[in-house]
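Breakdown of the fold
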Amino acid sequence: MIPQAFWLIALPIGAVPVVYVLRRLGLGAMVAAGVALLLAWFVTWLPTGIILNFLGRSIELDRFSQVTLLLLFAATALLFLIPALLPRTRPKRESRTAASISWRDNRTFYPAGLAILGLFGAASLSRHLGIIAILIEVAVILTVFVIQGGRVDSTRAALRFLVLMSLATPLFLLAAWRIDFYQLSGGLQTGGNLEQTTLLVGFGFALWLAVVPFHSWLTTASGESAPATAAFVLIAFPIIAFSTLIHLLADFPWLVESPQAVQALIMGGVATALVGGIMASVQRGFSELMGYAGLFDLGCTLTLLGLGGETGVITILVSLIGRALALTLIATSTSVIRLRAGSDGFAELREMAQQMPVATAGLILGGLTLAGTPFTAGFAPHWQLLRSMAVVEPGWSALLALAGLGVALGYLRGFRSTLLPRRLTRPSKGPARPTVVFTVQEPPLLLLLIVLLSAATILLGLFPAVLIEPLQALGITIAIPIP
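Residues numbered from 1 in each chain as written. Predicted model: local features only at pLDDT ≥ 70, side-chain atom pairs only at ≥ 80, totals over all residues. Heavy atoms only, no water.

1. Thoughts on the overall build of the protein chain
Scanning the protein chain from N- to C-terminus turns up 18 helices and four strands. For the protein chain, the residues scored as buried account for 58% of the 483 residues in total. Intrachain contacts of the protein chain at a sequence separation of at least 6 include 78% that bridge at least 24 residues. For the protein chain, the accessible area works out to roughly 19900 Å², and carbon and sulfur atoms hold 68% of it. (Helix = DSSP H or I, 4+ residues; strand = E, 2+ residues; numbered from the N terminus. Buried < 20%, exposed > 50% of the residue type's maximum accessible area, 1.4 Å probe, protein only. Contact = heavy atoms within 4.5 Å. Areas by Shrake-Rupley, 256 points an atom, 1.4 Å probe, with all protein chains shown as cover.)

2. Here's the deal with the layout of surface pockets
Counted as a void, the largest pocket has a volume near 780 Å³. What lines the largest pocket is a set of 30 residues, among which Thr198, Gly202, Ala261, Ala264 and Leu265 lie closest to the centre. Looking at the lining of the largest pocket element by element, the count peaks at nine residues for helix H7 (residues 191-208). Class assignment of the residues belonging to the lining of the largest pocket gives a composition of 22 nonpolar, six polar and two charged. (1 Å grid on protein atoms, 1.4 Å probe; cavity = no way out; pocket = protein on both sides within 12 Å on 5 of 7 lines; lining within 4 Å. Points joined across faces, edges and corners; volume = space filled by probe spheres on them. Nonpolar A, V, L, I, M, F, W, Y, C, P; charged D, E, K, R; others polar.)

3. A closer look at the confidence of the model for the protein chain
On average, residues of the protein chain carry a pLDDT of 86, and 89% of them reach 70 or more. Note on residues 91-104: pLDDT is under 50 here. Beyond four places in sequence and across chains, it has 45 contacts. (pLDDT = per-residue confidence, 0-100.)

4. Some thoughts on the side chain of histidine 247
By the secondary structure assignment, histidine 247 is in helix H9 (residues 227-251). Its relative accessible area of 8% is what places histidine 247 among the buried residues. Within the structure, the side chain of histidine 247 is placed 2.6 Å from the side chain of aspartate 62, a separation counted as a polar contact. There is a polar contact of 2.8 Å between the side chain of histidine 247 and the backbone oxygen of serine 243. Setting aside residues no more than four positions away along its own chain, histidine 247 makes contact with Asp62, Phe64, Ser65, Arg127 and Ile478. (Polar contact = N/O pair within 3.5 Å; in protein donor to acceptor, adjacent residues only side chain to side chain.)

5. Some points on the packing of aromatic side chains
Summed over all chains, the structure comprises 17 aromatic pairs. Here the aromatic rings of phenylalanine 120 and phenylalanine 237 are separated by 5.2 Å at their centres, their planes lie at 90 degrees, and the arrangement is edge-to-face. A residue pair is termed long-range when its members are at least 10 positions apart, and phenylalanine 120 in helix H4 (residues 109-125) and phenylalanine 237 in helix H9 qualify at 117 residues. Pair check on accessibility: phenylalanine 120 and phenylalanine 237 agree, each one buried. Of the aromatic side chains, those joined through ring pairs into one cluster are Phe80, Phe109, Tyr110 and Phe232. Taking NZ or CZ as reference, arginine 23 lies 3.9 Å from the ring centre of tyrosine 20, over its face. (Phe/Tyr/Trp six-rings, centres within 6.5 Å; stacked < 30°, edge-to-face > 60°. Lys NZ or Arg CZ within 6 Å of the ring centre and 35° of its normal.)

6. Topic: helix H16 (residues 394-419)
When the terminal C-alpha atoms of H16 are compared, their 37 Å separation across 26 residues agrees well with the 38 Å that a helix rising 1.5 Å per residue should span. Tucked into the core, H16 has its buried residues touching helix H10 (259-280), helix H11 (286-307), helix H12 (312-341), helix H13 (352-355), helix H14 (357-371) and helix H15 (379-392). (Expected span 1.5 Å × (residues − 1).)

7. Digging into the packing of helix H1 (residues 7-21) against H4
To describe two helices that pack against each other, one gives the angle between their axes and the distance between the axes. Relative orientation of the contacting elements H1 and H4 amounts to 170 degrees, with a least axis distance of 8 Å. When the interaxial angle is binned, H1 and H4 end up roughly antiparallel. Counting all contacts with H1, which are made through Leu8, Ile9, Pro12, Ile13, Ala15, Val16, Val19 and Tyr20, the residues of H4 involved are Tyr110, Pro111, Leu114, Ala115, Leu117, Gly118, Gly121, Ala122 and Leu125. Considered class by class, the residues forming the contact of H1 with H4 number 15 nonpolar, two polar and no charged. (Axes fitted to C-alpha atoms, helices over the stretch in contact; angles between N-to-C directions. Parallel < 35°, antiparallel > 145°, perpendicular 65-115°, else oblique.)

Set out below in structure tokens:
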């Protein structure tokens, strides 16, 4: 009898042909979103534990993977709906050089996204680094089509993503071979071999998690892809990367036995957060700003992992949930705003706060959530990070706080631009006249989604125990082997 957990793989991949046929219709998005929601419901009812042993490899589902898959499926379902709920007509003022907002340009997102979810489900059930690396590499290839989105003007984002993410695959395959040899030899290896294995694993995850200076795949994907697909990339791959890394450290704690390895992990997280915060403060468009804000949040989560502690896994889960919530809110709000402006550059969004107040408020709130400001879902994990880092290295805690202020400053600069009056255009003869504005209303369903996501963000910011206590009650036994 086929184990129930295999439906996490069979269901999304089996639905790909149907969604592919319907991809040019709004129905294709609805079917894809329904399948993702069904997966989210199904994974909550699956029993945890070892499913079976296949060729000497265990296939299992634990509570941590269950929560991460639930988060991934639920966020993807919402992102599938965003392009489908947008009006099907293209705004007259849209620039073809900007990332497209048309639902037609996202038609590859639905079938490819479902296939990627199936691959991520398979990767979450495996405990072998080599198998996971191969599955993620296939997902990377499919994600290239998602990032490109039918555009022909530029392939920079898709190419950088493919190259940088693919560089990690041979590193992981070599590391997996060394780990297998270590297990078969009964742990009889020299310290030099173990250090080389740790180095391979470290460089591989640095590529997967966009650690500086390997962060360009993340920021370019955000700047050149459509908001929904960019959010999908920024949410999905960090979730599966952190899940794989935490399981790997739990299974092989000798990877972080060296103080230098732990120090490198923390330094990489702090450097990534600092670069993300600095660059976010000087951006001139919300798409690029989302990329650097996501980079800052990713660096903070990586630093949390390096600090370890008894509550480390729960804090990381809370951080990933807040990240997914914020990026989904930003993607929804940006898509709505582009209906009117055709772009999300600060200079093109003057008076947007008066014309689309709900979308503008949702966009700023999502950015402040990534910055970790008070009264948002991102505050609790960022505050825990600052407290823990102040004990280890107060100077680095101050740098992280300044980086968070940089992200907040970037979004406040963008908000200020939306409040400014629209520039006047002067014809060759005659008085100055205002720029022509095409009236576009905020789509009611997307408006409702923005309101619900904003309410969830504020609720989790005011009452973080609403999220923390259920996670603790799940009995997540996996622990980070860092004191």
